[in-house]
Amino acid sequence: MRTLLLYIRNKVRISGCHHVQIDRTARVRRCFISIKGQNNRLIIGKGASVCGTFLEINGNDCSIVIGANCRIGHNSYLSARETGISITVGKNSSFSRNVKIMTSDGHNILQGDRRINPARSIVIGDHVWIADGGVVLKGGSVGDHSIIGMNAMVTRAIGSNKIAVGQPAVEVRDEVSWCEELTHHL
């Protein structure tokens, strides 16, 4: 029944032999899910909400793992491509709309006969907030409890409890965290 609902509520294109595990409490709606290659994994944890998102795995032995209670907003794009590459999103993270997480350029750039743009995995920690239009590119990472500002582009490691903004993103504040509840402080 869960598999049928996945196909009814989403556009799903899967070719090859893969492992798809979506917790029964997760909400996955109006997504486009594309998995090509062999032995790839898509795991969506308990209580996660993924709506209007493009999830792409294209290669072999790649994975996208979305932790428990994560929220991923409309028009976001997560792409794990090539071989042995992964995107890992820790628990309780929140992505606004139009967030892009990409492990590969999707094409080769050569210098002589050597490729100079290999794909690299991406790790996003627990309780991370990525604001509208945020981008995390291959090899980038975001530590626990950090905030990535609107339209920021992460191209390297951002530490824990940081605010990072800009293109490329740089840490502008530390020792911060965030919560969903709005409070009024004077």
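Here, the structure is the one placed above.
Since this is a predicted model, take the numbers as computed values, not measurements.

### As for the pattern of salt bridges
Where side chains of opposite charge bring their charged atoms close, a pairing between them can arise.
1) Next: With the rule as written, the count across this model stands at four salt bridges.
2) Next: Across the salt bridge formed by Glu82 and Arg115, the nearest N and O atoms sit 2.7 Å from each other. Within this pair, whereas Glu82 is found in strand 10 (residues 77-83), its partner Arg115 is found in strand 15 (residues 114-115), the two being separated by 33 residues in sequence.
3) Next: Residue classification places Glu82 among the partly exposed positions, given a relative accessible area of 25%.
4) Next: Accessibility expressed as a relative area gives 26% for Arg115, which makes it partly exposed.
5) Next: Ionic pairing is found between Lys138 and Asp105, a salt bridge with its closest N-O pair at 2.8 Å.

### Here we look at the environment of Asn40
1) Next: Assignment of secondary structure puts Asn40 in the loop between strand 4 (32-38) and strand 5 (41-44).
2) Next: On the basis of relative accessibility, which here comes to 1%, the residue Asn40 falls in the buried class.
3) Next: Linking Asn40 and Gly16, residues 24 residues apart in sequence, is a C-alpha distance of 8.9 Å.
4) Next: Apart from residues no more than four positions distant in its own chain, Asn40 is found in contact with Cys17, His18, His19, Ile35, Ile57, Gly59, Asn60, Asp61 and Cys62.
5) Next: Polar side-chain contacts of Asn40 include one of 2.8 Å to the backbone nitrogen of Cys62.

### Some points on the sheet that holds strand 4
1) Next: Read from one edge to the other, the open sheet built from seven strands follows the order 1-4-7-10-13-18-21, with strand pairing classed as parallel. Of all the strands in the sheet, just strand 1 (11-14) and strand 21 (153-154) have a single pairing partner and so form its edges.
2) Next: Note: strand 10 against strand 13 (residues 100-102), three bridges, orientation parallel. Paired with Tyr77 across the strands is Lys100, a residue of strand 13.

### Some points on a nonpolar patch on the surface
1) Next: Together, Tyr7, Ile14 and Val20 line one region of the surface with nonpolar side chains, adding up to about 240 Å² of accessible area.
2) Next: Relative to the elements of secondary structure, Val20 occurs in strand 2 (residues 19-22).
3) Next: A relative accessible area of 34% places Val20 in the partly exposed class.

### Observations regarding unusual backbone geometry
1) Next: Residues Gln167 and Pro168 are joined by a peptide bond in cis, for which omega reads 0°.
2) Next: Its location among the elements puts Pro168 in the loop between strand 23 (162-165) and strand 24 (170-174).
3) Next: With a phi angle near 55°, His127 is a residue other than glycine that sits in the positive phi range.
4) Next: Summarising the element assignment, His127 is placed in the loop between strand 16 (122-124) and strand 17 (129-130).
5) Next: Looking at His127, the relative accessible area reads 18%, which means it is buried.

Conventions adopted
- Residues numbered from 1 in each chain as written.
- Predicted model: local features only at pLDDT ≥ 70, side-chain atom pairs only at ≥ 80, totals over all residues.
- Heavy atoms only, no water.
- Salt bridge = Lys/Arg side-chain N within 4 Å of Asp/Glu carboxyl O.
- Helix = DSSP H or I, 4+ residues; strand = E, 2+ residues; numbered from the N terminus.
- Buried < 20%, exposed > 50% of the residue type's maximum accessible area, 1.4 Å probe, protein only.
- Contact = heavy atoms within 4.5 Å.
- Polar contact = N/O pair within 3.5 Å; in protein donor to acceptor, adjacent residues only side chain to side chain.
- Pairing = 2+ DSSP bridges.
- Patch = residues over 30% accessible without salt bridge, like charges linked within 9 Å, V, L, I, M, F, W, Y side chains within 5 Å.
- Areas by Shrake-Rupley, 256 points an atom, 1.4 Å probe, with all protein chains shown as cover.

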